[in-house]
Amino acid sequence: MKPLFFLLSPVLLWGESYQEVIRSCDNSLLLKSADQLTDSAREYYRAAEGKNLPTIDLRLSAAKLYTTPTMTFKMPPLYTPMQAPVATKEHVEGEVILTYPLFSGFAIRASIDKARLTHEKLFLQAADAKRNLYIDATRLYSSIAAADAIIEAQTEAKKAITDSYEKAKGLYEQGLLAPAGLYTIEAKRYAIEAELFDTQNKKAQALNHLTYLTGITLTGALIATDTLRVPARDDLIASALSRREDILSLAKALNIAQTDIALAKSRYYPTVALVGSLKHQGNTLSLNGDGFTNADKSYAGLSASWNLFNGMSDLHTLQAAEAAQLASALTLEEYKQRVKTEIDNAYLDLETLQKRLISATMQVKAAQEYARLTQGRFENQLASADELSRAIADLSAAKAANANLQSERFNQNATLWLRGGLETYRDNVLK
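Residues numbered from 1 in each chain as written. Predicted model: local features only at pLDDT ≥ 70, side-chain atom pairs only at ≥ 80, totals over all residues. Heavy atoms only, no water.

Let us now look at the packing of helix α6 (residues 233-243) against helix α8 (residues 313-379). In contact at an axis separation of 10 Å, α6 and α8 are set at 150° when each is read in the N-to-C sense. Relative to α8, the element α6 is oriented roughly antiparallel. The chirality of how α6 crosses α8 is right-handed. Here R233, L236, I237, A240 and L241 of α6 come into contact with α8, specifically with K336, V339, K340, I343, D344 and Y347. (Axes fitted to C-alpha atoms, helices over the stretch in contact; angles between N-to-C directions. Helix = DSSP H or I, 4+ residues; strand = E, 2+ residues; numbered from the N terminus. Parallel < 35°, antiparallel > 145°, perpendicular 65-115°, else oblique. Left-handed = near helix turned anticlockwise from the far one by under 90°. Contact = heavy atoms within 4.5 Å.)

In structure tokens form, the structure reads like this:
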């Protein structure tokens, strides 16, 4: 097979261009946006870790009462009520409170794990977005390479039909060719020019789209369909199931669902916290007392709470989390089966392409020989202008079909590696 590829596509040579295009995809605004979301999730994770550490709060309050606080006394022997002040109208409190969670029913640990897993999931989703961008860029790059080969074939056909038209015109002027024969060749020339124009426009559209994805400007593509090794099926499937970013992302979603179960179960446990306070009060900002009670009201202690009943809300929350976890597990298993099926089908498509390429190779050879033969017969007035036009058009179409198949083969092969995961692709294609 290899000698045939080199024979039919001498202009398609492997270079750094394809690798440069793929690496340029990393500058895509879409990927930069995904990276920012990943950074955001990482900061939320770091924020969640802070819940496991003590908190320190500073409080300062000041109030001016309408009347002076008093207390009523009844003194013997007459038990006449008497009032005495017990505080001042001005009251200022300053407090530094330290709270340290000792036990939260594992809620803090679960919330930290959930934030970490969310960050890891978004990181994997960003990597999968990059993998899909590589797939799009590979498809576009392959189509540009095919367009280059087709443009070359159509340009050759245009030159051939133009030369034939000039010869036909000479025969017509000598009365050796009917007007219909001359018009047939002229019409085919315009048809080939239209096809060439259409191919050039399609190439320009693909180049514009690739520039949008990568941020770089290209004029063409250089690839070779036979330099990229076809991955072994079993190895590729094993790599996909264990390393592919979308599958790993779904696995993280399953882990997140498990942390939701842990969070729901934490509601069945009490919460215990250590509390300490450095507190002073007074009638001024100096906080040195008000002349009635002591200025220092610092304390240390434990705080515990345990919800005993909340209308079965905790039970239903737990059941909802368990159902979501089961759904995530089923989704992951179904997705693995889908990926395996897609890879199997991709190998079948590649085998079909191999067979079609053999046929296309022979068709090009046959069309080349027939066009050469028909050209000679036409010059000797043994073939009609219609036969010559069709022979030239058939050769151009055969070369175009061959170029499309070679391009598609490269696209299928590179995409196969991408189906195995981003790291697998980098290790074997971008190494």
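For the rest of this paragraph, the subject is unusual backbone geometry. Positive phi values are uncommon outside glycine, yet F106 reaches one of about 70°. Mapped onto the elements of the fold, F106 is located in the loop between β4 (90-103) and α4 (107-173). Of note, the phi angle at M312 is positive, near 65°, even though the residue is not glycine. Looking at the secondary structure, you find M312 in the loop between β6 (299-305) and α8. Residue class for M312 comes out partly exposed when judged on its relative accessible area of 41%. (Buried < 20%, exposed > 50% of the residue type's maximum accessible area, 1.4 Å probe, protein only.)

Let us now look at the layout of surface pockets. In this structure, the second largest pocket occupies an estimated 220 Å³ of space. Around the second largest pocket, the lining comprises 15 residues; the ones closest to its centre are F123, A126, A127, K130 and L422. Elements that contribute at least two residues to the lining of the second largest pocket include exactly α3 (29-49), α4, α7 (245-266) and α10 (422-428). At 5 residues, the largest contribution of residues to the lining of the second largest pocket is made by α4. Per-class residue counts for the lining of the second largest pocket are 7 nonpolar, 1 polar and 7 charged. (1 Å grid on protein atoms, 1.4 Å probe; cavity = no way out; pocket = protein on both sides within 12 Å on 5 of 7 lines; lining within 4 Å. Points joined across faces, edges and corners; volume = space filled by probe spheres on them. Nonpolar A, V, L, I, M, F, W, Y, C, P; charged D, E, K, R; others polar.)

Right, let's talk about the side chain of S142 for a bit. Relative to the elements of secondary structure, S142 occurs in helix α4. Residue classification places S142 among the buried residues on the basis of a relative accessible area of 1%. Within the structure, the side chain of S142 is placed 2.8 Å from the backbone oxygen of T138, a separation counted as a polar contact. (Polar contact = N/O pair within 3.5 Å; in protein donor to acceptor, adjacent residues only side chain to side chain.)

Two elements in contact, α4 and α8, have axes whose closest approach is 11 Å; the angle formed by their N-to-C orientations is 20°. Our classification of the angle between α4 and α8 gives roughly parallel. Helix-helix and strand crossings are classified by hand; for α4 and α8 the assignment is left-handed. Across the interface between the two elements, S164, K167, A168 and L171 from α4 touch Q375, F378 and E379 from α8. Residues of the contact of α4 with α8, tallied by class, amount to 3 nonpolar, 2 polar and 2 charged.

Before going further, it helps to spend a moment on the packing of aromatic side chains. Aromatic rings considered in pairs are described by the distance between their centres and by the relative angle of their planes. Taken as a whole and assessed by the stated rule, the structure comprises 6 aromatic pairs. Taking 6.1 Å as the distance between ring centres and 85° as the angle between the ring planes, the aromatic pair formed by F103 and Y269 counts as edge-to-face. Separated by 166 residues along the polypeptide, F103 in strand β4 and Y269 in the loop between α7 and β5 (271-282) bring together distant segments of the chain. On the accessibility criterion, Y269 (39% relative accessible area) is partly exposed. (Phe/Tyr/Trp six-rings, centres within 6.5 Å; stacked < 30°, edge-to-face > 60°.)

What follows deals with the pattern of salt bridges. Applying the stated criterion to the full structure yields 32 salt bridges. Note that K399 is salt-bridged to E156, the shortest N-O span being 2.6 Å. Of this pair, K399 sits in helix α9 (residues 385-419) while E156 is found in helix α4, placing the two residues 243 residues apart along the sequence. Residue E156 is classed as partly exposed on the basis of its relative accessible area, which comes to 39%. Notably, a salt bridge pairs R267 with D314, separated by 3.4 Å at the nearest N-O pair. (Salt bridge = Lys/Arg side-chain N within 4 Å of Asp/Glu carboxyl O.)

A separate point is the nonpolar core. Judged by nonpolar contacts, the single largest core of 28 residues is most densely connected at Y18, I22, Y134, Y141, L210, Y425 and V429. Here the element with the most residues in this core is α4; it accounts for 8 residues. Setting aside chain neighbours within four positions, we find I22 in contact with Y134, A137, T138, Y425 and L430. Counting residues in hydrophobic clusters, the runner-up holds 14 residues, among them A168, I192, A383 and L388. (Core = buried A, V, L, I, M, F, W, Y, C linked by side-chain atoms within 4.5 Å.)

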